[in-house]
Amino acid sequence: MPVETINWKNGRIRYIDQTLLPGRLKFVECDNIPKLWKAIKTLAIRGAPAIGIAGALGVVLGANSCKTESRGVFLRDLRRQIKYLASSRPTAVNLFWALARMESVAESNIGKPVSAIRRLLLKEALQILEDDRNACRAMARYGASLVKAGDTILTHCNAGGLATADYGTALGVLFESKRLGKRIKVYVDETRPLLQGARLTAWELIHERIDTTLICDNMAASLMAKGKIDKIFVGADRIASNGDTANKIGTYSLAVLATHHGVPFYVVAPVSTFDLDINTGRDIPIEERGGDEVRTVMGKMIAPKNVKVYNPAFDVTPNHLIRAIITEKGILKAPYSRSLRRSAA
Ligand code: MRU
């Protein structure tokens, strides 16, 4: 069973500090928005669906901290807090999707007393969490239908329970395949610079007793050249209308390699990761992070401290490199401009 990455307990957000894994499994309680903002920014809470859930629960914290009974003041304050939460990370659209859903609950109930709006906001945030749980299970079922017993699968970053409210997206497919009795082997990219693959994905897979082998990111090509990879499953942070997909830096190079070697490359993501307001991946904002993430490994300096660094956290995989996008609504195929819109309707 997956660990409980994020939830609401006794009027606070309770989450796992993912920066400490795999060394330490620490649950943190959070009762204020600045602390939550920092947790998202520093990747203590990370992964697109989990960031969305954190944002939604953050709006509840904001609503509870605003003591006014004036609806006008309440709504103005809530919008300010939502804007602040939205500034934590730019790429995963789930954050903006969840914040917009919360804002619209407040707006459409503005005729009610503030205490009632607060209750409705909590209900909505818990619904977002529950919907993500159900989406994970459905994606896992669809995805597992593509996995054959004996398959060797490659994955990148962490698209598991730690990135969602339940089973994960790409890893959910692997957990479900195992549950169905299909014997699989998994290679995990370590995922520099912050090592989500090594620290988080390897930890989750081993916990579920899946045959797991860790590789450095630059070893994937040679495995594919040797014919050792049957399929690749990755998650997503934002999918444009045409299917272009932003995911953790390094995903694009895997997709190019996969196409070159004839390995099917699958993206697994809930519909909340679609951004149908943008046409192509060129419009996806890509987060650039601080240079020390590259100059260091787990806090230890590995490069001259004044060397220049380029550190984009995500890249965009063009739609033609993606064999299918697995969602909670089913397995979507190209042309994605049609299949994405249909499944989001
Ligand atoms: O920077 P991170 O760790 O938040 O990046 C996460 C990813 O890129 C995941 O692959 C993506 O969010 C999918 S999670 C189900």
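Located above this text is the structure these notes cover.
This text gives an overview of the structure that appears in the document.

Brief notes about the environment of alanine 56
- Relative to the assigned elements, alanine 56 resides in helix α2 (residues 48-65).
- Judged by its relative accessible area of 0%, alanine 56 falls in the buried class.
- Residues alanine 56 and lysine 226 lie 170 residues apart in sequence; the distance between their C-alpha atoms is 45 Å.

Re the environment of asparagine 247
- Relative to the helices and strands, asparagine 247 resides in strand β9 (residues 245-248).
- Since its relative accessible area comes to 5%, asparagine 247 is described here as buried.
- Considered as a pair, asparagine 247 and histidine 156 are 91 residues apart in the sequence and their alpha carbons are 9.3 Å apart.
- Asparagine 247 has contacts with Val234, Gly235, Ala236, Asp237, Ala313, Phe314 and Asp315, leaving out every residue within four places of it along the chain.
- Polar contacts involving the side chain of asparagine 247 include one to the side chain of threonine 251, which spans 3.0 Å.

With respect to the packing of aromatic side chains
- A complete count under the given rule lists three aromatic pairs for this structure.
- With a centroid separation of 5.6 Å and 10 degrees between ring planes, the pair formed by tryptophan 37 and tyrosine 84 is classed as stacked. In this pair, tryptophan 37 sits in helix α1 (residues 33-41) while tyrosine 84 sits in helix α3 (residues 71-86), placing the two residues 47 residues apart along the sequence.
- Residue classification places tryptophan 37 among the partly exposed positions, given a relative accessible area of 21%.
- Measuring from centroid to centroid gives 5.6 Å for tyrosine 167 and phenylalanine 175, while their planes differ by 45 degrees, and the two rings are tilted.
- Using a relative accessible area of 7% as the deciding quantity, one classes phenylalanine 175 as buried.
- Residue placement shows lysine 248 over the ring face of phenylalanine 314; its charged tip is 4.3 Å from the ring centre.

A look at the sheet that holds strand β8 (residues 238-240)
- Reading across the sheet, the four strands line up as β11-β8-β9-β14 and stay open at both edges, with mixed pairing between neighbours. Two strands close off the open sheet at either side, each with one partner strand: β11 (274-275) and β14 (314-317).
- Sheet topology note: the β8/β9 ladder contains two bridges and is antiparallel. Of the residues in β9, the one forming a bridge with arginine 238 is alanine 246.

The rules behind these values
Residues numbered from 1 in each chain as written. Predicted model: local features only at pLDDT ≥ 70, side-chain atom pairs only at ≥ 80, totals over all residues. Heavy atoms only, no water. Helix = DSSP H or I, 4+ residues; strand = E, 2+ residues; numbered from the N terminus. Buried < 20%, exposed > 50% of the residue type's maximum accessible area, 1.4 Å probe, protein only. Contact = heavy atoms within 4.5 Å. Polar contact = N/O pair within 3.5 Å; in protein donor to acceptor, adjacent residues only side chain to side chain. Phe/Tyr/Trp six-rings, centres within 6.5 Å; stacked < 30°, edge-to-face > 60°. Lys NZ or Arg CZ within 6 Å of the ring centre and 35° of its normal. Pairing = 2+ DSSP bridges.

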